[in-house]
Every structure is written in structure tokens, then in C-alpha cells.
Amino acid sequence: MKIVSAAKLKKAQDAIYQIRPYANKLQGILSSLSASLESSEDSVYTQQREPEKVLIVLVSSNRGLCGGFNSNISKKAANLVREKYSRQHELGNVQFLCVGKKGMMQMKYHGMKVVDNKNDIFNALSFENISTIALDLMKAFEDGSYDRIEIVYNQFKNAAVQIQTAEQFLPVEVKKDEKAEKVNNNFIYEPSKEYIIQELIPRILKIQFYKALLDSHAAEHGARLTAMHQSTDNATELLNYLTLQYNKARQSSITGEILEIVSGAEALKG
């Protein structure tokens, strides 16, 4: 399992390293354009509403044997509900969309309302399949089914470290970037900046969701690799300990048999 996880980790790690610069650049373009806009309420995806109905997308894994990967992210989601959306949770307005069987089981154990799951997405982790889920989430927000959507996932740092992350997916928070404001923005846009942002936001949302799943996918294999490495070390240590105990018991038994033979021989002589 360690060897298999190492091979899968290399592929997943390459995928997340390739998507991060693109996602960060898109976010930088959005910040640069929005810095000169007077309002961000023109897009339905940037409209700030009172979060009465909340959906939390929890990304975990379908399989275990990966250390605290699933339990840690499930605790992060449960704490998010208790600390940030306790009132909505008491009214039954906090729902979960689980990507991964282990997270779904944990949320049901914590008494959370799971409305849907996308556990099969890891069988074909492609941008096209993930875009479909992102579009469904965007439509649910646009229809008013939810006032806020958050993603909770493990961010990949390295094979031994996963960062439990909670990000607001919708509505989009168009932040004014101070660095972007200092840059000369005296450009001629064709079409307008408003139109570019309208086209850019759905693309950014898809990329953001795709990056979150790639992050979690790489973090899962990293956690499993580390867990299997620790399991191998623990098993080797236990094997050495048991071998030592076995040799001690065997030596003691042989010594006892020799003493019995010597005592019997001395008794025959006497």
C-alpha cells in the first residue's frame, strides 16, 4: 500500500502543482479588475445575503488507512458549524454535500444533515466531471436554495502535512487588493471590465472547486503514504520485540532441559 500510494501521490502532486499557478493568476486578474470597480453587486455570484441557509461541501476520501486524514477534516467541518453557523444549525438550515464516504459517515455520526453525496467523483477526477458539480452549486445559489456555500477540505502541503481548510465558495468575496490598486490600471478593456468579470467569475468558481478536490486527493495519498510508513516501522519494531521475547523464552526452555538432564545424570551416579 505504501508503494501504491507513493506512485499515486506523484501523479496527484503534479496535478495540484500545475493547477495552482493558473488558479492564483485568475484570482489576481479578478482582484486587479475589481479594484477599479465601484460595486460588485452586478453579478449574482457576488451578492452578499444574510446566511440563513448554508451548504457545506465536505471533501474527504472513500477509503481509510490514511491516519487522521478523514477524522481531522470532519472535526474541522463540525467545529465550523458550531462556531460560525450554530443558529442556522439549530433551525436545521445547515446541510452537507459530502464528497467521500468517510466524511459522510462522520457527519451523520455528529448529527449533521447530509442531503447528497458525490462519492464516485474520485473514480474519474476530471475537470469536466467536477465542473458539473460546481455548476449545480452555482445554480442552487442563484435560485436562492442556499445563501452561502463553503468548502472544507485538506490542503496539500507535503506528504506529511495536510492543512485543514475552510473556504467560502459562494458568494464570491471580491476583495480590494492594495497591491493591485498601486499598479497602473489605465488600460482599455474590450469588452468592458464588468463583462470580463461576469465571464471570469464562473470560470474562477470551477477552477476553485477543481483545485480543492485536487488538493484533497493529493493530501489523501500523502496521508496514506505517511500512515503506511509509520505502520511499517511499528510492525518492524513489534516484530523485533517479539523475536527477542521468543528467543529469551526458547533459551530459558533449553537451559531448563539441560539442567534436568544434568540433574538426572548426577542422580544415576549417586
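Note that the structure is a prediction, hence the values are computed from the model and not measured.

1. As for the pairing of strand E3 (residues 113-117)
1) Next: Bridging between strand E2 (residues 94-99) and E3 involves 4 bridges; their strand directions are parallel. In the sheet register, Gln95 faces E3, and the bridge partner there is Lys113.
2) Next: Regarding the hand of the β-α-β motif, the stretch spanning E2, helix H4 (residues 101-109) and E3 is right-handed.

2. Thoughts on the sheet that holds strand E5 (residues 161-170)
1) Next: An order of E3-E2-E1-E4-E5 is seen for the 5 strands of this open sheet, with the pairing classed as mixed. What marks the edges here is a single partner per strand, and that holds for E3 and E5. Strand-to-strand twist in this sheet, taken as the mean axis angle between neighbours without regard to direction, amounts to 25°.
2) Next: Bridge count for strand E1 (residues 54-59) against strand E4 (residues 148-158) is 5 bridges, and the pairing is parallel. Following the sheet pairing, Leu58 is matched in E4 by Val152.
3) Next: Set on the sheet, helix H7 (residues 193-269) makes contact with E1, E2, E4 and E5; between it and E4 the angle comes to about 45°.

3. Digging into H4
1) Next: Those residues of H4 lying buried are Gly103, Met104 and Met107. Seen from one end, H4 has its buried residues packed into an arc of 100°, which puts them on one side. Opposite its buried face, H4 presents the exposed residues Met105, Lys108 and Tyr109, each directed more than 90 degrees away.
2) Next: Contacts made by the buried residues of H4 are with E1, helix H2 (69-84), E2 and E3.
3) Next: Within two residues after H4, Gly111 carries a phi angle of roughly 80°, on the positive side.

4. Here we look at the pattern of salt bridges
1) Next: What the rule picks out here adds up to 9 salt bridges.
2) Next: Linking Asp143 and Lys139 is a salt bridge whose minimum nitrogen-to-oxygen distance equals 3.0 Å.
3) Next: Between Asp215 and Lys211 there is a salt bridge, with its nearest N and O atoms 3.8 Å apart. In this pair, Asp215 and Lys211 are both assigned in helix H7, 4 residues apart and thus about one turn of the helix distant.
4) Next: The class of Asp215 is buried, set by a relative accessible area of 0%.
5) Next: Under the relative-accessibility criterion, Lys211 is labelled buried at 12%.

Parameters and conventions
As a convention, each chain's residues are numbered from 1 in the sequence order in which they are written. The predicted nature of this model means local features are confined to residues of pLDDT at least 70 and side-chain atom pairs, given and counted, to a pLDDT of 80 or more, with totals for whole chains, interfaces and linings taken over all residues. In computing side-chain properties, one takes all heavy atoms of the structure into account and sets aside hydrogens as well as water. Pairing between two strands is assigned when DSSP locates at least 2 bridges connecting them. Only DSSP runs of H or I reaching four residues or more are called helices, and only runs of E reaching two or more are called strands; each is numbered from the N terminus. Viewed with both strands pointing away, a crossover whose connecting path from the first strand over the helix to the second turns clockwise is right-handed. Axis geometry follows a simple rule: fit a line to the C-alpha atoms, using only the stretch in contact for helices, then measure angles between N-to-C directions, giving values from 0 to 180 degrees. It only takes one pair of heavy atoms within 4.5 Å for two residues to be counted as in contact. In this scheme, a residue with accessible area under 20% of its type's maximum is buried, one over 50% is exposed, and one in between is partly exposed, where area comes from a 1.4 Å probe on protein chains only. Working note: the arc is built from the helix axis to C-beta atom directions. The term salt bridge refers to a side-chain nitrogen of Lys or Arg lying within 4 Å of a carboxyl oxygen of Asp or Glu.

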